[in-house]
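# Examining the three-dimensional arrangement
Here's the letter readout for the chains.
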Amino acid sequence: MDMFDDIIINIRKLNFSRGDRAIFRGLDIRIPRGKVTAIMGPSGTGKTTLLKLIGGQLLPDSGRIELDGANIPTLSRRDLFEVRARLGMLFQSGALFTDMSVFENVAFPLRVHTDLPEDMIRDIVLMKLQAVGLRGARELMPSELSGGMARRVALARAIALDPHLVMYDEPFTGQDPIAMGVLVNLIRRLNQALGHTSIIVSHDIKETLGIADYVYLVSDGSVIAHGTPKELAQVESEQVRQFMQGLPDGPVPFHYPAGEYRAELMKGV
Amino acid sequence: MRTRVMEISVGAFMLAGILALILLALNVSGLTVSDSSGSYRVTARFENIGGLAPRAKVTLSGVQIGQVRSIGIDERMLMAVVEMDINGSADYLSSDSSAQILTAGLLGEQYIGIIPGADDEMLKDGDAIENTQSALVLENLVSKFLFNKVTE
Amino acid sequence: MLDQIQALGRYGLTRLGAVGRSGMLLAHVLVARPQPLKMFPLLLKQIYFVGVLSLVIILVSGMFIGMVLGLQGYTILVDYGSEQAVGQMVALSLVRELAPVVAALLFAGRAGSALTAEIGLMKATEQLSSLEMIGVDPYRQIIAPRFWAGFICMPILSAIFAIVGVWGGALVSVDWLGIYEGSFWANMQHSVDFYEDILNGLIKAVAFGFVVTWIAVFQGYDCVPTSEGISQATTRTVVYASLWVLGLDFILTALMFGDL
Ligand SMILES: Nc1ncnc2c1ncn2[C@@H]1O[C@H](COP(=O)(O)OP(=O)(O)OP(=O)(O)O)[C@@H](O)[C@H]1O
Ligand SMILES: [Mg+2]
């Protein structure tokens, strides 16, 4: 059975630019429901931007972003907020609310979107914190957390409401090998036990390929390769091999678009 | 616990604001709650009211017993009409009382002084004071003085 | 030459854009269906930060300004033998002008700048974005409570400023300079009118609270989310808010007391 029989997100002919710089040119991506989809690509290609477009925080220049059939860019403000309540997103920076404790941060989505009694909220929050190994840190303020801890709290907050679709922006950066393993397991478990759809943006190739059902490689504004991890490993393209093996030289540009290096140095002041 | 302190201080803050407003009303502006209910209104006509203004004091022997409500013109007699509110407790003014416009100090504000008469009948709401004496206008005094000097 | 005209044009357009966006923000705050139950704890917290924490500076300044007014009023009026009128001078200048204006200027410096910096930092650290992604409207959760708190606190602070100032004036002129207490208060009560002076002063305070918090909240929400961006936005809040308060004060005074 093909996993693309049931797709939750369908992005078609997406164009987006920042100022004069085109970030996406005719991007096409389909996300299968209930699977883990990885989006990979060089730094600065617009992976975070893509997640924000899906969340409706940025408006594309043209193209459709369909979530369960609804075109996100044309939704009214109120409908958009309703849709978002069913999404979970882990920000690259964590973005915890600095005026609330760890506990309150995780409890926040529950408090605003449900009418659950206080002891039930407490149980859920403790469960989520336990899952990321930070139950003991619930009284700390975000300023008292390390970068990796803050990201794990943010993860707990992103999954507090058990959303159908969770988007993880670099969940593994800044984690030690143990926490990394725990997070990989957590994401896989959420996906298998509860049927969540997950979108993972990550540079950690080994971990990501380990849990992803499907992978998109994005570079230079469009998808350069896609397929299951196994399929990708067999792609002949030099671009793909370079990225998968982390070689600095090759067709995938490591540099932000710029003039010729030597010429610029020679130009002087 | 922290929110409790916060809530209490916000409550106290709001109360302080209300208290400040009440103090402003009562102590600074002298707003009295039963303002016009316990007062009666009389009118008086003057040749010249000088610098008299609404809300000026109305006094008896220098003690305030009311205030000027409005000032207008009697178009028939071409005189100034002054309406004043006299405190209800000041019910001892006889109907032949007279009113004069006085000045507090040399350059001070102007107010109305009532001089009681001898009649048995008392002033009541809507009455008019017949006997009036206008304001002393400084310029008139000066010119009169100069004029007299010249003719001498 | 053409470059300068272009620069001028661009400047005009960005300014106009900012005006439009601030109008949008205000519309969102005013139109947002109020949810009293959810809003109340947030509002309470903001009244604490915006109002209660501004109280000390308001008390101290009000007191000193009242004392200075008493002293200056006495030295001027004593030459005309009307030092009894110092009460009315202190009270009228405080109630009509100084309490709303000075309280609003202090409020802009104390609370307005803090609001801008806080919201700007929330933007820079993606807290506003993450609120949106949780499905909570930042206008409702962040902007509206701060806006209403400023709106509520300003008249309270102004009334407190005025009463403390009058008290400071009385302290200097009655207790220290020896003006007869009865005539101090009587003159004051006689010349200060509740509706004309005190209520008009409060209306001014409400208008200033509206303008100052609007500017503060907008500058924070609209800032460039970087360190310089936030520091510039904070400066702009204080400068714009102060200028608006002073300009608006003239207009309101002309409407309320003047025959312009
Ligand atoms: N606010 C912004 N204004 C202008 N350009 C921006 C802005 N944010 C991002 N960009 C540009 O958009 C491009 C894509 O940024 P994005 O953050 O999506 O990259 P990314 O793929 O997530 O990179 P990384 O893997 O390093 O997180 C970058 O080249 C960046 O220069
Ligand atoms: Mg990114």
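See above for the structure.
Structure report, in brief. (Residues numbered from 1 in each chain as written. Chains lettered and ligands numbered in written order. Predicted model: local features only at pLDDT ≥ 70, side-chain atom pairs only at ≥ 80, totals over all residues. Heavy atoms only, no water.)

Time to look at the overall build of chain A. Within chain A, the regular secondary structure consists of ten helices and ten strands. At 20 Å, chain A has a C-alpha radius of gyration in line with the 18 Å of a compact globule built from 269 residues. C-alpha atoms of chain A, sized along the principal axes, occupy 65 × 40 × 40 Å. Evaluated residue by residue, chain A yields a buried proportion of 49% over its 269 residues. Sequence-distant contacts, at least 24 apart, represent 64% of the contacts inside chain A between residues at least 6 apart. For chain A, the computed accessible surface area is about 13400 Å², with 52% contributed by carbon and sulfur atoms. (Helix = DSSP H or I, 4+ residues; strand = E, 2+ residues; numbered from the N terminus. Rg over C-alpha atoms; globule rule 2.2 N^0.38 Å. Buried < 20%, exposed > 50% of the residue type's maximum accessible area, 1.4 Å probe, protein only. Contact = heavy atoms within 4.5 Å. Areas by Shrake-Rupley, 256 points an atom, 1.4 Å probe, with all protein chains shown as cover.)

A few words now on the overall build of chain C. Each helix and strand counted, chain C has nine helices and zero strands in total. Counting helices and strands in the order they occur from the N terminus, chain C gives α-α-α-α-α-α-α-α-α. Principal-axis analysis of the C-alpha atoms places the extent of chain C at approximately 65 × 55 × 30 Å. Across the 260 residues that make up chain C, the buried fraction comes to 53%. Residue pairs at least 24 apart in sequence account for 84% of intrachain contacts in chain C once pairs closer than 6 positions are excluded. Separation of charge centres in chain C, based on 13 positive and 17 negative side chains, amounts to 16 Å. (Lys, Arg positive; Asp, Glu negative; His and termini not counted. Charge placed at Lys NZ, Arg CZ, Asp CG, Glu CD.)

Attention shifts here to a negative patch on the surface. A cluster of acidic side chains, namely Asp96, Asp119, Asp120 and Glu121 of chain B, defines a negative patch on the protein surface. On the accessibility criterion, Asp96 of chain B (35% relative accessible area) is partly exposed. (Patch = residues over 30% accessible without salt bridge, like charges linked within 9 Å, V, L, I, M, F, W, Y side chains within 5 Å. Salt bridge = Lys/Arg side-chain N within 4 Å of Asp/Glu carboxyl O.)

Residue and element names in this part refer to chain A. Surrounding the magnesium ion (ligand 2) are the protein donor atoms Thr48 (OG1) and Gln92 (OE1), which sit 1.9 to 2.3 Å from the metal. Here Thr48, found in helix 1 (residues 47-54), pairs with Gln92, found in the loop between strand 6 (87-90) and helix 3 (102-113); they are 44 residues apart in sequence, far enough to count as distant. On the accessibility criterion, Thr48 (23% relative accessible area) is partly exposed. Given a relative accessible area of 35%, Gln92 falls into the partly exposed group. (Donors = N, O, S within 2.8 Å, 3.2 Å for Na, K, Ca; no water.)

With that out of the way, let us pick up helix 9 (residues 227-256) of chain C. All names here are of chain C. The terminal C-alpha atoms of helix 9, which comprises 30 residues, lie 42 Å apart, in line with the 44 Å expected from a rise of 1.5 Å per residue. Among all positions in helix 9, only Gly229, Ile230, Ala233, Thr234, Thr237, Ala241, Ser242, Val245, Leu248, Asp249, Leu252 and Ala254 are buried. Its buried side turned inward, helix 9 meets helix 4 (86-124) and helix 8 (194-222). (Expected span 1.5 Å × (residues − 1).)

All right, on to the interface of chain B and chain C then. Facing the 23 residues of chain B at the interface are 30 residues of chain C. Taking both partners together, chain B and chain C bury about 2300 Å²; carbon and sulfur atoms supply 78% of that area. Among the residues chain B hides against chain C, the three largest losses belong to Phe13, Val28 and Arg55 of chain B. Together they make up 31% of the total. Where chain B touches chain C, the interface holds zero salt bridges. Inspection of the chain B/chain C interface yields one residue pair in polar contact (both at pLDDT 80 or more). (Buried area = accessible area lost by both parts, 1.4 Å probe. Polar contact = N/O pair within 3.5 Å; in protein donor to acceptor, adjacent residues only side chain to side chain.)

Attention shifts here to the environment of Gly72 of chain B. Residues and elements named next belong to chain B. Relative to the assigned elements, Gly72 resides in strand 3 (residues 63-74). Judged by its relative accessible area of 29%, Gly72 is partly exposed. On a C-alpha basis, the gap between Gly72 and Gly126 in space is 16 Å, while along the polypeptide they are 54 residues apart. Setting aside its immediate chain neighbours within four residues, Gly72 contacts Met79, Ala80 and Val81.

It is worth spelling out a nonpolar patch on the surface at this point. A contiguous nonpolar surface patch, about 600 Å² in accessible area, is contributed by Leu136, Leu138, Leu141, Val142, Phe145 and Leu146 of chain B. Its location among the elements puts Leu141 of chain B in helix 2 (residues 138-151).

Residues and elements named next belong to chain A. In the neighbourhood of ligand 1, 14 residues make up the surrounding shell, with Arg21, Ser43, Lys47, Thr48 and Thr49 lying closest. In the model, an oxygen atom of ligand 1 is placed 2.5 Å from a nitrogen or oxygen of the Ser43 side chain. At a separation of 2.9 Å, an oxygen atom of ligand 1 approaches a polar backbone atom of Gly46. Taken by itself ligand 1 offers 630 Å² of open surface, and the protein chains cover 65% of this. Residue assignment for the shell around ligand 1 shows that the elements contributing at least two residues are strand 2 (21-32) and helix 1. Looking at the shell around ligand 1 element by element, the count peaks at three residues for helix 1. Tallied by class, residues from the shell around ligand 1 come to two nonpolar, eight polar and four charged. (Near = heavy atom within 4 Å. Nonpolar A, V, L, I, M, F, W, Y, C, P; charged D, E, K, R; others polar.)

This paragraph deals with the pairing of strand 2 (residues 57-60) of chain B. All names here are of chain B. Bridging between strand 2 and strand 3 involves four bridges; their strand directions are antiparallel. Within strand 3, the position partnered with Leu60 by the bridge is Val63. As judged from the three bridges shared by strand 2 and strand 6 (residues 110-115), these two strands associate in the parallel manner. Residue Thr59 lies in a different strand from strand 6, and its bridge partner there is Gly113. (Pairing = 2+ DSSP bridges.)

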